[in-house]
Amino acid sequence: MAGPGDGYRTEEVRLAARNHGMPLEALREEITPAGLHYLLIHFDIPHVDPGTWRLDVGGLVRNPLRLSLEDLASRSTQTAAVTLECAGNGRAELEPRPVSQPWGHEAVGTARWTGVPLGEVLADAGVDDEAVEVLFTGLDRGIDGGEEQDYERSLAFAEAMRPEVLLAWEMNGRPLPPQHGFPLRLVVPGWYGMTHVKWLRRITVLDRPFQGYQQAHAYRLRSSDDEPGTPLTRILPRSLMEPPGIPEFLSRQRHLDAGSHTLRGRAWSGWAPVGRVEVSTDGGRSWSDAVLEPAPGPYAWRGWTFAWDAGAGEHELCSRATDEAGNVQPLDATWNLGGYANNSVQRLRVVVREA
Ligand SMILES: Nc1nc2c(c(=O)[nH]1)N[C@H]1C(S)=C(S)[C@@H](COP(=O)(O)O)O[C@H]1N2
Ligand SMILES: [Mo]
């Protein structure tokens with residue numbers, strides 16, 4: 001943990017340089033270009049020869065499979081626009097700050113993912129009736145929390161069988177870039193990023209819940225290390241504003257001219273479609289509805305706009321999303337040990353100068 005006055009540690013700065021965020025001006029794009037999509041890589045990006053790579057599907061199945069990329073691509077494919085967000089997005093706003101990847105608000109992006117429904121591959125493998133979970137193992141290996149491990153995460157069997165869950169080999173119409181999981185990754189629309197296992201090499205059907213580090217220890221909401229906590233699952237609603245005007249290089253302070261402006265942003269939730277976005281230009285004291293645009297898919301963000309007549313002076317701009325399940329963004333963050341799921345509203349300070 002680091003207190004409000006503590007500077008960033010070398011380790012945090014190194015992590016931030018490896019795992020870049022989506023620059024918030026890219027909120028302008030409905031589909032995030034691959035190079036602007038955020039990245040989160042725990043260990044090393046593995047080197048993969050697509051000619052010899054195979055996906056093994058085993059465990060509690062009657063017909064274990066070993067599939068090449070050609071085998072997968074010969075099936076009928078699906079493409080979906082899906083918003084991915086790291087569960088640690090917003091972590092750096094917490095006090096004290098968990099020392100980890102120091103995300104502000106930029107750990108998000110929306111891509112078009114192409115692949116095959118996982119459920120169809122599992123059906124071919126003939127899953128046993130005792131199946132409880134499905135485990136996804138990446139090719140990347142490292143040490144986290146003092147434990148050597150492959151990067152692995154599981155899903156409840158019923159969740160894995162949902163028709164929107166994909167084994168994807170394309171991002172925005174091109175083979176997955178190395179950093180986004182080449183040659184194959186899992187895409188679980190609506191869920192936080194840690195579930196979307198990259199560099200897949202094995203899928204194992206289990207008769208009990210997986211207890212590995214990234215499942216049982218990391219990615220849980222809890223306030224101390226000795227609590228089991230509750231697992232992170234779906235993405236809580238969030239709206240972000242494209243920063244208006246121009247930035248000052250170092251502070252990123254925004255400057256714009258007095259007069260009419262169209263404020264823009266995007267909003268998403270993994271629980272239900274976003275049904276409302278409100279904007280405040282006075283730091284959250286008063287709110288007005290933004291105009292919503294359609295989403296490019298049921299699990300993708302939707303754009304919004306808001307007409308603002310800006311008077312000279314300093315203003316704090318905020319936006320907040322409400323989803324159709326009734327979840328709304330809080331004004332203030334709730335602290336937790338891992339710094340997860342902080343979906344409190346973004347506050348953007350702008351200086352408006354006389355036109
Ligand atoms: N194999 C593997 N898969 C992984 C990770 C990883 O480190 N290794 N990071 C996860 C986390 S925490 C996130 S937020 C997403 C990020 O996906 P992206 O880098 O394609 O944006 O990948 C997930 N899948
Ligand atoms: Mo993440």
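Preceding block: the structure.
Quick summary incoming for the structure in this document.

Calculation criteria
- Residues numbered from 1 in each chain as written.
- Chains lettered and ligands numbered in written order.
- Predicted model: local features only at pLDDT ≥ 70, side-chain atom pairs only at ≥ 80, totals over all residues.
- Heavy atoms only, no water.
- Salt bridge = Lys/Arg side-chain N within 4 Å of Asp/Glu carboxyl O.
- Helix = DSSP H or I, 4+ residues; strand = E, 2+ residues; numbered from the N terminus.
- Buried < 20%, exposed > 50% of the residue type's maximum accessible area, 1.4 Å probe, protein only.
- Core = buried A, V, L, I, M, F, W, Y, C linked by side-chain atoms within 4.5 Å.
- Contact = heavy atoms within 4.5 Å.
- Phe/Tyr/Trp six-rings, centres within 6.5 Å; stacked < 30°, edge-to-face > 60°.
- Pairing = 2+ DSSP bridges.

## Here's the deal with the pattern of salt bridges
Right, on to step 1. Evaluation of the coordinates by the stated rule reveals 20 salt bridges.
Right, on to step 2. The partner of D150 in a salt bridge is R201, and the shortest N-O contact between them spans 3.2 Å. Here D150, found in strand β6 (residues 147-156), pairs with R201, found in strand β10 (residues 200-206); they are 51 residues apart in sequence, far enough to count as distant.
Right, on to step 3. Given the relative accessible area of 15%, D150 is considered buried.
Right, on to step 4. Residue R347 pairs with E316 through a salt bridge whose shortest N-O separation is 2.8 Å. You can see R347 sitting in strand β22 (residues 347-353) and its partner E316 sitting in strand β21 (residues 313-323), a full 31 residues away along the chain.
Right, on to step 5. Residue classification places R347 among the partly exposed residues on the basis of a relative accessible area of 35%.

## Description of the nonpolar core
Right, on to step 1. Judged by nonpolar contacts, the single largest core of 52 residues is most densely connected at L118, L122, F136, L167 and I203.
Right, on to step 2. Sort the elements by how many residues they give to this core and helix α3 (residues 118-125) lands first, with four residues.
Right, on to step 3. Beyond its immediate stretch of four places on either side in the chain, L122 contacts V57, V127, V134, F157, A160, M161, I203 and V205.

## What to know about the packing of aromatic side chains
Right, on to step 1. Under the counting rule described, the total for this entry stands at three aromatic pairs.
Right, on to step 2. Taken together, a centroid distance of 5.9 Å and an interplanar angle of 85 degrees make the contact between Y38 and W103 edge-to-face. On the criterion of sequence distance, the pair formed by Y38 in the loop between α1 (10-18) and β1 (55-59) and W103 in the loop between β3 (78-85) and β4 (108-117) is long-range, its members being 65 residues apart.
Right, on to step 3. A residue is classified by how much of its surface remains accessible, and W103, at 2% relative accessible area, is buried.
Right, on to step 4. Taken together, a centroid distance of 5.8 Å and an interplanar angle of 55 degrees make the contact between W268 and W301 tilted.

## Topic: the sheet that holds strand β19 (residues 291-292)
Right, on to step 1. Reading across the sheet, the four strands line up as β13-β16-β20-β19 and stay open at both edges, with antiparallel pairing between neighbours. In the strand order of this sheet, the two ends are held by β13 (238-241) and β19, each with one partner.
Right, on to step 2. Sheet topology places β19 next to strand β20 (residues 302-310); two bridges connect them, and they run antiparallel. Bridge pairing in β20 places L292 opposite W304.

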